[in-house]
Each structure stands twice: as C-alpha cells, then as structure tokens.
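Analysis of the macromolecular model
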Amino acid sequence: MDKSVKILITGKLHEVALNLLNNQPLELSVTESLNIVYLPDAPRDVILKEIEDTNVLISRSETDVDATLLRAGKNLRIVARAAVGYGNIDCDLATELGILVVNTPGKNTNSAAELTIGLLLSLLRKIPAAHSSTSEGGWNRHHFTGTELGGKTIGIVGLGNVGHRVAKFAKGFDMNVIAYDPYISDEVFRRNSTERKNTLEELLAESDVLSIHVPLNKETKGMITEVELKKMRKGSYVLNAARGGIITEKGLLKTLNEGYIAGAGIDTFDNEPKPLKELISHPNVIVTPHIGASTLEAQYRIGETIAIQVLKALRGEIVDYPVNLPHVSLLGSGDLRKISVLTEKTAHVAAQIFDFHPSLIKLNVKAGLSKEDLQILKLSCIKGFLSHASDEFVSYVNAERLLSRRGIQIEVNLNNSTSSKNEILLEVFGSNANEKISVGAVLYDGQLERLCSINDFLFEIEPNGDLIIMQNHDRPGVIGDVGSYLAKHNVNIAQFELSRNRRGGMAMSLIRIDGELESEVISGLRKLPNLISARLVSGL
Ligand SMILES: NC(=O)c1ccc[n+]([C@@H]2O[C@H](COP(=O)([O-])OP(=O)(O)OC[C@H]3O[C@@H](n4cnc5c(N)ncnc54)[C@H](O)[C@@H]3O)[C@@H](O)[C@H]2O)c1
Ligand SMILES: O=C(O)[C@H](O)COP(=O)(O)O
C-alpha cells in the first residue's frame, strides 16, 4: 500500500518551506514519505484535478478554498494557509469534514504595517505621481506639494497585530493615534498608548486618515460604505491593506469622484486579480497588487512556520496556529502531549470492549495540569473513542461535533496532582444501570505508558501494537491452550498478563502480540475450552 502523503502547494512559497518539507529535521520527521507537488499560480481546473488525491494543501490568497475544492479533496486532512487571512477558506465546512486549518499569524505583521505606512506617505506626499512625472523629464515642484503626517490623526479599525504595529509607526511620525476594536481589552489599548474609540462613528469623525486592519468576515464585509466615509471630515484619506470588501469599492469611488475623500491607498481588492478599473486608475488612488506580505523576511518566516505546522500536524502533534481547533489553548507542554496520547489510546481500548449503546463517557485524570488543558484531553479522548467506530475521519477538529451528533455526552474531571504518576480512568456508561465499562492507564515519570485496568481486573501492560483481550474461567490449562493455539497460527506473544477476581473465578488476560492477526484466528480462539470471550484491540 502506498503510504506517501501528497502535499499540494498552490502559492509561491519561500524555498525554506520546501527545504524543510523535503529534508525534515530529525525532531519533526514523519514516517510517511512526502510527495510534494509545487504548482504556484496553477489555474483552478488544475488545482481541482490535483486536489482529488491530496492530503495537505498549502495555499496563499489566490486560492479559494471553497466548498467545491474542499469536497473535491476527498483525502484532504490539512489546509495550511501560508499567511494570516483565511476569509478565502470555508472553515465551517473544513471543520465539518474534520480538516485541520492552520495559518501563520504574526509572521507578516511588520511587512503589512510597513506597506501601510508606505501607502500613507506615498499618498500624502504624492510620491508615485511625482516619480512618474520626474522620470518622464518633468520638474513640477509646485504640483506635488503634499501634506505632513505629523499632527494628523490616524483612525485604526482593528488593533490586532498589524493595527498595533501601524499605530506604533504612526506615533513615530508624531501622528495622533485612535483606534476602534470592540474585541480587545482596555488593557491592550493602555499598553499600546492608543486612545480607544467606543464606536466606529466616533473614530470616523475624528480621523484624518482611516486605516483598516480587521479580517474580512460576515461582520466586517461592507462595514465602510459611502455613509461611513461621509462621517469623516472632507479631505480625509483612506487606507486598506487588509482585505477587499471591507470598504465597499462603489462607495469609495463615489466619495473620491465627489472630492469628499482626498485619496486612498489600497493593497487589497474585491476582485483580485482583476480589480475595479475605475478605482485602480483613479488619479487620487495609489494601488499595489496585494503585496503586504511580500517581503523576503515575511516570506521566510511564513515558509518556515507553515512547513513546521504541516510536519507537526502530520505527526499528530498539537500545532501552534490552528484556525479551527475549537477552544484548545495552544500547548507545547511535553507532559500534556504525552498524557493526551495515552488518553487517546485508553479511549481507543474502551471503544473496542463494550457491548451496549454508550450514552456517557467520563474521563478522570490525575495529573499536574491546568483546567485549560482539559480541553485537549477531552478531544484526545473523543478522537480515540470514535476513530474505532467511525468511517468518518476523526480529528481534533471535528471530534466534539461527531460525538454530539451521536448523542454521547462527555465529562472530564481533573484531580490536580504533582505526583510523577499520572493516572487516567475512562468510564463508559450505557443507559441501563448495569451498562458500564472502565479502562485505566498510568503514565510513569512522564514517559512509561501502561494500561493498568479493565473493569475490575488489574494489569501492567504496554499499550502498543495489537492486543488480544480475553475473558476465561480461572481453570488450569487455559494459558497453555492459548499459547499453543497462537503458536500454531504463527502468532508471537510479546507480553501476556493475566488477572483474576478470585481463585477459580473469572479471569481476564491481555496478550500483546507481534504483527497482525487474521480475524479467523480470534474466532478460533473463542472456541477453546474455558474461554468466555476474545477480542482484538488494534490500532494502538
Ligand atoms: N495586505 C496584506 O498582504 C496583508 C498582510 C497581513 C495581514 N493582512 C490582513 O490584515 C488583517 C489584519 O491582520 P492581523 O494580522 O492584524 O490580524 P489580527 O487578528 O491580529 O487583528 C485583527 C483585529 O481586528 C479586530 N476586529 C475584528 N473584527 C472587528 C470589528 N468588527 N471591528 C473592529 N475590530 C475588529 C480584532 O479584534 C483584532 O484585534 C487581516 O485581514 C489580514 O488578512 C493583509
Ligand atoms: O492575509 C494575509 O496574511 C495577507 O493578505 C497575505 O496573503 P498572501 O501573501 O497569501 O497573499
């Protein structure tokens, strides 16, 4: 079977990304071979064809990762946006399909903020027009009289990474900086020494320059129309290096034509790569072709980050910049990662040993973790539990959604303990009082994993490879019969653990085997004398 992972890249990436993917560093190496298909600027029909057997898509703003593309990507597991804005990705559908979306926030902040200031200086000092005129032999010193930045007020909409950096640069030019961002605390405004405006209207009324730095989404689409622009003072300027569509181009063009807005600097448009002709050719408009992130430095940082995100995700590790991983604080803690892996394995065992319809899962964890960490354990538990029973791809992304669709509740309890022995007890309940199973596991010293109980039976077995779980009457000869039977079928036993409730009573055995087991071997095992049940627990 071909185990290679196909990575389709549809935007231009810095070579550092390709180098990292091609020569994975030891600590990030993945077991599967990677088949990297690099098609920057590929037309849509080519992408639609290539996506069919793609597992990882790495894209930039020119690729619309819409429902058509996502649904065509039957094997798609990761969409990696090599930048910040993911308005061009149908994240809801990606979540529904269990596809992880990652991006690289903060890696192009400086470049986008510098371009914004570049547009502002160009606009107020008429640099592009002065350059064209002078390079054509003109010397029109009076025609190019401009306006200073110093003393003017810049109104920033969205005081996130880029907005905050633009504010910092603007202060360097002695501008007054005001900002509108209802989603951040007063503390952030204080830290940035930026004056908060509680409404967009207030901000518009006081700004000489309006600079947009919000993401494009349902709320921000069309948030600045002709009406909002007319709330600014006549002769004001507008900058948009965030996303086309936040300012309506029709409204902007109208106010420019009326001479109400004195000029605009625009890097991002409604219809890229074919923006509105009247807007880009307007004499008071300065335009660039969405190059806010296009610097060597930003592209290096983005390339490095996106390759690492993809490798981490392929290794099943927690990524640093998930877009659609719900409520998970971004964790790097080794202990948490190891406990979550063991939780997933414990849930995977539990999912293979009950004979009733589960209605409630209780995950009890004894470890030195914080309350926030419980979310990742919860997702690991669901992932381990459902991946056995579901044909759907179960990931950290869609785990909660898939569980609730099955009507199963989950409860996670933490007993905070700083002991070197971390304990996991997973209980699964059905709707009748007698329907309950439990599986316990322990992580010793942050590294030694052991499965330590199933219901009332105690063990100490490594949860790796395939396990046979067998119940039998505690009578002489059972172990011998099972050993000979497995040997006859060429099955090598790596570990055998027997536990019984009382002498001559019931016993349970866990047998860790090397290699894979044919299902007929398990059926045959069940027919041995004194055997009550035998199941194979695989995929650990
Ligand atoms: N031109 C380019 O090449 C380029 C480069 C980088 C970023 N961008 C774009 O710039 C935008 C900002 O990027 P960022 O890295 O600063 O993102 P960010 O997430 O750090 O900041 C966005 C800010 O907008 C605020 N916000 C959201 N909705 C708002 C609303 N309705 N009203 C007011 N504030 C609101 C958020 O609270 C947040 O503080 C994004 O759209 C991004 O795609 C463009
Ligand atoms: O959202 C972003 O980060 C910028 O718009 C840059 O996107 P791009 O470099 O993929 O065009």
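Residues numbered from 1 in each chain as written. Chains lettered and ligands numbered in written order. Predicted model: local features only at pLDDT ≥ 70, side-chain atom pairs only at ≥ 80, totals over all residues.

Regarding the overall build of the protein chain
- When helices and strands are counted, the protein chain shows 18 helices and 22 strands.
- The C-alpha atoms of the protein chain give 30 Å as radius of gyration, which overshoots the globular expectation for 540 residues (24 Å, by more than 25%).
- Along the first, second and third principal axes, the C-alpha set of the protein chain runs to 105 × 45 × 35 Å.
- Of the contacts formed within the protein chain by residues at least 6 apart in sequence, a portion of 67% connects residues at least 24 apart. (Helix = DSSP H or I, 4+ residues; strand = E, 2+ residues; numbered from the N terminus. Rg over C-alpha atoms; globule rule 2.2 N^0.38 Å. Contact = placed C-beta atoms within 7 Å.)

Things to note about the domain arrangement of the protein chain
- The domain architecture assigned to the protein chain consists of domain 1 (5-107 + 296-326), domain 2 (109-287), domain 3 (329-455) and domain 4 (464-540).
- Using C-alpha coordinates to define each centre, domain 1 is positioned 44 Å away from domain 4. (Domains from an automatic or database assignment.)

A few points about the packing of helix α5 (residues 109-125) against helix α7 (residues 161-172)
- Interaxial distance between α5 and α7 falls to 8 Å at its minimum, and their mutual angle equals 50 degrees. The angle between the axes of α5 and α7 places the two elements in the oblique class. The crossing of α5 and α7 is right-handed. Contact with α5, carried on its side by T109, N110, A112, A113, T116 and I117, involves N161, V162, R165, V166 and F169 of α7 and no other residues of that element. (Axes fitted to C-alpha atoms, helices over the stretch in contact; angles between N-to-C directions. Parallel < 35°, antiparallel > 145°, perpendicular 65-115°, else oblique. Left-handed = near helix turned anticlockwise from the far one by under 90°.)

A word on the site of ligand 1
- Around ligand 1 sit 32 residues in total, of which G85, G158, G160, Y183 and G292 are the nearest.
- It is α7 that contributes the most residues to the shell around ligand 1, three residues altogether.
- Structurally, the shell around ligand 1 is a two-domain feature, drawing no fewer than three residues from each of domain 1 (5-107 + 296-326) and domain 2 (109-287). (Near = placed C-beta within 6 Å.)

Comments concerning the sheet that holds strand β21 (residues 506-513)
- A sheet is described by the order of its strands in space; here four strands give the open sequence β20-β21-β19-β22, paired in antiparallel fashion. Each edge of the sheet is formed by a strand with only one pairing partner; in this case those strands are β20 (493-500) and β22 (531-537). Each neighbouring strand pair of the sheet contributes to a mean axis angle of 15 degrees, computed without reference to strand direction.
- One ladder, built from eight bridges, connects strand β19 (residues 466-473) with β21; its direction is antiparallel. Residue pairing for β21: N472 is matched across the bridge by A507. (Pairing = 2+ DSSP bridges.)

Observations concerning the pairing of strand β17 (residues 448-454)
- The pairing of strand β16 (residues 436-444) with β17 spans six bridges and is classified as antiparallel. In the sheet register, G440 faces β17, and the bridge partner there is S453.
- Where β16 hands over to β17, the hairpin turn is made up of three residues, of which D445 adopts a positive phi near 50 degrees.
- Judged from the three bridges that link them, β17 and strand β18 (residues 457-461) form a sheet pairing that is antiparallel. Bridge pairing links I454 to F457 in β18.

Thoughts on the sheet that holds strand β10 (residues 236-240)
- Across the sheet, which stays open at both edges, the seven strands sit in the order β8-β7-β6-β9-β10-β11-β12 with parallel pairing between neighbours. Each edge of the open sheet is held by one strand with a lone partner, namely β8 (195-196) and β12 (285-287).
- Pairing analysis gives two bridges linking strand β7 (residues 176-180) to β8, with the strands arranged parallel. Looking across to β8, one finds that I178 is bridged to E195.

Digging into the pairing of strand β3 (residues 56-59)
- Side chains of β3 alternate between two faces, with V56 and I58 and L57 and S59 buried alike.
- For strand β1 (residues 5-9) and β3, the ladder comprises three bridges, and the chain directions are parallel. Within β3, the residue paired with L8 across the bridge is L57.
- Where β3 meets strand β4 (residues 78-81), four bridges bridge the pair, whose relative direction is parallel. By the bridge assignment, I58 is partnered in β4 with A80.
- Between the parallel pair β3 and β4, the chain is carried across by helix α3 (residues 67-72), and the sense of this crossover is right-handed. (Buried ≥ 20, exposed ≤ 12 C-beta atoms within 10 Å, placed from the backbone. Right-handed = clockwise from strand over helix to strand, strands pointing away.)

Some points on the packing of helix α1 (residues 15-22) against helix α13 (residues 296-314)
- Close contact between α1 and α13 brings their axes to 7 Å; oriented N to C, the two are set at 25 degrees. By the angle class used here, α1 and α13 are roughly parallel. Crossing of α1 over α13 shows right-handed handedness. Contact residues: V16, A17, L20 and L21 in α1; Y300, G303, E304, I306, A307, I308 and V310 in α13.
- For the contact of α1 with α13, a count of residues per class yields nine nonpolar, one polar and one charged. (Nonpolar A, V, L, I, M, F, W, Y, C, P; charged D, E, K, R; others polar.)

Observations concerning α13
- Relative to the 27 Å expected for 19 residues at 1.5 Å per residue, α13 spans 27 Å between its end C-alpha atoms, a close match to the ideal helical length.
- Among the 19 residues of α13, 14 are classified as buried, and the element is accordingly described as predominantly covered. (Expected span 1.5 Å × (residues − 1).)

Notes on unusual backbone geometry
- In this model, E272 is joined to P273 through a cis peptide bond whose omega is 10 degrees.
- By the element assignment, P273 lies in the loop between β11 (261-266) and α12 (277-280).
- Phi angles above zero are rare outside glycine, and H290 is one such case at about 50 degrees.
- Inspection of the secondary structure assignment puts H290 in the loop between β12 and α13.
- Judged by C-beta crowding, with 21 C-beta atoms within 10 Å, H290 ranks as buried.
- Positive phi values are uncommon outside glycine, yet N455 reaches one of about 50 degrees.
- Relative to the helices and strands, N455 resides in the loop between β17 and β18.
- Exposure remark for N455: the 17 C-beta atoms within 10 Å place this residue in the partly exposed category.

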